Structures are given as structure tokens and as C-alpha cells.
Amino acid sequence: MTDKPEILFLLVGRGGSKGLPGKNLRDIGGLSLIGYKARSALRSRHCSRLIVSSDSPEIRSEAVRHGAEMLFERPAELATDTASSNDVVLHAMDWIEANERRRYDAIMLLEPSSPFARPEHFDEAIDLFVARNASLVVGIRETEVSSIFVGPLGKDGSIGTIVDKMLATTAQRRQDQPLEVTMNGALYLIGWDAMRKHGKIYSDPAASYGILMDRLHSLEIETAADLAYASYVIEHGMLDASPWRKQP
């Protein structure tokens with residue numbers, strides 16, 4: 001792979017959202033979730049192209065308004081609750097290969113529900129992808145609690161599994177635990193060849209990496225409460241919103 005890879009940015013969004021109806025078009029500080037993601041993507045120095053995949057004409061229109069290309073309508077079978085991100089990514093790849101007879105080095109899957117990823121996060125992910133010859137780079141954040149303090153709840157209310165783990169370590173204070181992370185939904189950078197080989201985003205543990213993002217840039221919008229908090233963050237200047245205020 002060259003130092004200047006060709007990256008297809010894929011902005012996705014279903015029209016139906018049960019947790020928060022119309023979620024992807026919801027407004028935070030005067031800009032839709034779609035708008036946040038599209039504007040950041042187009043400011044990435046590695047964005048070769050930004051396209052949108054959605055079953056919703058409104059979402060496609062909003063994405064185009066913010067600079068994305070609309071090449072196709074997402075088929076209805078890929079817009080259900082059971083449709084996977086794997087299928088959505090593969091559909092876009094199939095369309096590009098069949099209709100344009102081309103491939104990219106990687107595809108950057110972008111979900112509007114994590115709106116606050118910045119261009120530099122995308123750039124960092126792509127730089128890491130190239131440097132490590134990775135198959136996958138995702139956005140990650142620190143977990144709220146260590147896995148030592150997490151476990152199943154028994155039908156009788158027991159928490160024995162958690163207590164067993166706590167007793168197995170002498171470092172029982174929260175602040176003594178090592179850093180643990182989880183995916184934050186902000187970005188998924190998948191190698192084109194790796195996706196073709198395995199047919200799924202998560203496939204090769206030895207070639208999978210993450211870029212650590214702080215808690216505010218990792219906010220995910222799934223409920224009305226999440227949306228209210230994200231709006232509070234922007235309206236009270238807890239995040240600098242200036243990069244999203246103007247068109248790319």
C-alpha cells in the first residue's frame with residue numbers, strides 16, 4: 001500500500017430507528033447527525049470520496065446537501081433491524097466494483113449516531129492503518145468500569161462471578177485497574193481486500209487496531225436522553241463546534 005491510500009468513505013443510515021425515531025436527521029446545535037459526520041469526513045486529508053447508503057430519501061438528500069454522493073438506493077432487505085453492517089458494506093463494494101470497475105484500498109464506515117468524530121480522528125486511523133498494514137482500525141474509548149467489576153446477574157440476584165474476580169486480585173480499587181477500552185462507533189476503517197476475503201468487519205485479531213478518543217468525542221446517540229446531552233455539550237461549548245459550523 002502506498003503512503004497515500006485511496007479511501008472510500010461510506011456514510012450509512014436507516015430511515016427507521018425504534019429507539020429514537022428519525023435519529024439520523026435529528027438536530028444538534030443547528031446541524032443534523034448526518035451533517036456532522038459528512039462535514040468531518042470531507043475535511044479528512046485522506047477522504048478520496050464520500051458516498052451515502054440509505055433506504056431513506058430524506059437521509060440521502062441530507063447527505064448530498066452536505067457533500068456526499070448518492071450512487072444507489074439501499075435495498076429494503078438491508079434496511080431492516082436484522083440487516084448487518086457487514087452486508088451494507090459489501091453491498092456498497094459490490095456496486096462500486098460492478099458499476100465503476102474499480103476498488104479502493106479501504107472503506108471507512110461512518111455511522112451518524114456517533115456524530116462528533118473529527119477529521120483528525122479519521123486521519124489518525126488511516127495513518128495507523130497504513131503504518132501497521134492493518135485489516136481494521138476502529139474508534140475506541142475507555143470503558144466506564146473495569147471488567148473486574150462486570151459480570152452476569154444470577155436469576156436469584158447473585159453476583160458471585162464478579163466477587164470471584166475481585167477476590168482473585170489484590171488491586172481492587174477502581175483507580176488501580178489497567179486501561180480497558182471498547183468500540184465507540186465513531187469510525188470503522190476496513191481493508192478492501194480483507195473485507196473481500198472474510199466477508200465481515202471483524203476478522204483478523206492480529207491486524208486489528210484502535211485509536212483512542214476521549215469521552216465527549218465518543219458520544220453515541222441512541223435515546224432522547226443521549227440527544228439532549230449531546231446538545232448540551234455543543235450548546236455549552238464543552239466541545240469546539242467551529243469545525244462543523246461551515247461547509248467544507
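Residues numbered from 1 in each chain as written. Predicted model: local features only at pLDDT ≥ 70, side-chain atom pairs only at ≥ 80, totals over all residues. Heavy atoms only, no water.

**Examining the sheet that holds strand β1 (residues 7–12)**
Read from one edge of the open sheet, six strands run β4-β1-β5-β7-β6-β8, paired in mixed fashion. Edge positions in the sheet fall to β4 (47–53) and β8 (208–212), since each has one partner strand and no second. In this sheet, adjacent strand axes meet at a mean angle of 30° when their direction is disregarded. Both strand β6 (residues 136–142) and strand β7 (residues 181–191) contribute to a ladder of six bridges, which runs antiparallel. Across the sheet, Val 138 pairs through a bridge with Tyr 188, a residue of β7. Its contacts with the sheet place helix α3 (residues 85–100) against β1, β4, β5 (106–110) and β7, and it is angled at close to 130° to β1. (Pairing = 2+ DSSP bridges. Helix = DSSP H or I, 4+ residues; strand = E, 2+ residues; numbered from the N terminus. Axes fitted to C-alpha atoms, helices over the stretch in contact; angles between N-to-C directions. Contact = heavy atoms within 4.5 Å.)

**A few points about helix α2 (residues 57–65)**
Turning to α2, its buried residues number three or more, namely Ile 59, Arg 60, Glu 62 and Ala 63. Down the axis, α2 shows its buried residues gathered within 165° of arc, on one side only. In this structure, α2 carries Pro 57 and Arg 65 as exposed residues pointing more than 90 degrees from its buried face. Looking at the buried side of α2, the elements it contacts are β1, β3 (31–32), α1 (33–43) and β4. The first or second residue beyond α2 is Gly 67, which carries a positive phi of 110°. (Buried < 20%, exposed > 50% of the residue type's maximum accessible area, 1.4 Å probe, protein only. Arc of directions from axis to C-beta.)

**Quick look at unusual backbone geometry**
One non-glycine residue, Arg 101, lies in the positive phi region at around 55°. Among the secondary structure elements, Arg 101 is positioned in the loop between α3 and β5. Located in the positive-phi region is Asn 133, a residue other than glycine, with phi close to 50°. Inspection of the secondary structure assignment puts Asn 133 in the loop between α4 (119–132) and β6. For Asn 133, a relative accessible area of 60% corresponds to the exposed category.

**Quick word on the packing of aromatic side chains**
Applying the stated criterion across every chain, the model contains six aromatic pairs. Relative to Phe 122, the ring of Phe 9 has its centre 5.7 Å away and its plane inclined at 85°; by these criteria the two rings are edge-to-face. Remark: Phe 122 occurs in helix α4 and Phe 9 occurs in strand β1; sequence separation between them is 113 residues. Taking the centre distance of 5.8 Å and the plane angle of 40° together, the rings of Tyr 104 and Trp 192 count as tilted. Placement of Tyr 104 in the loop between α3 and β5 and of Trp 192 in helix α6 (residues 192–198) is noted, with a sequence separation of 88 residues between them. Judged by relative accessible area, Tyr 104 falls into the buried class, the value being 5%. Overall, Trp 192 belongs to the buried group, its relative accessible area being 0%. Chaining the aromatic ring pairs together yields one cluster made of Tyr 36, Phe 116 and Trp 244. (Phe/Tyr/Trp six-rings, centres within 6.5 Å; stacked < 30°, edge-to-face > 60°.)

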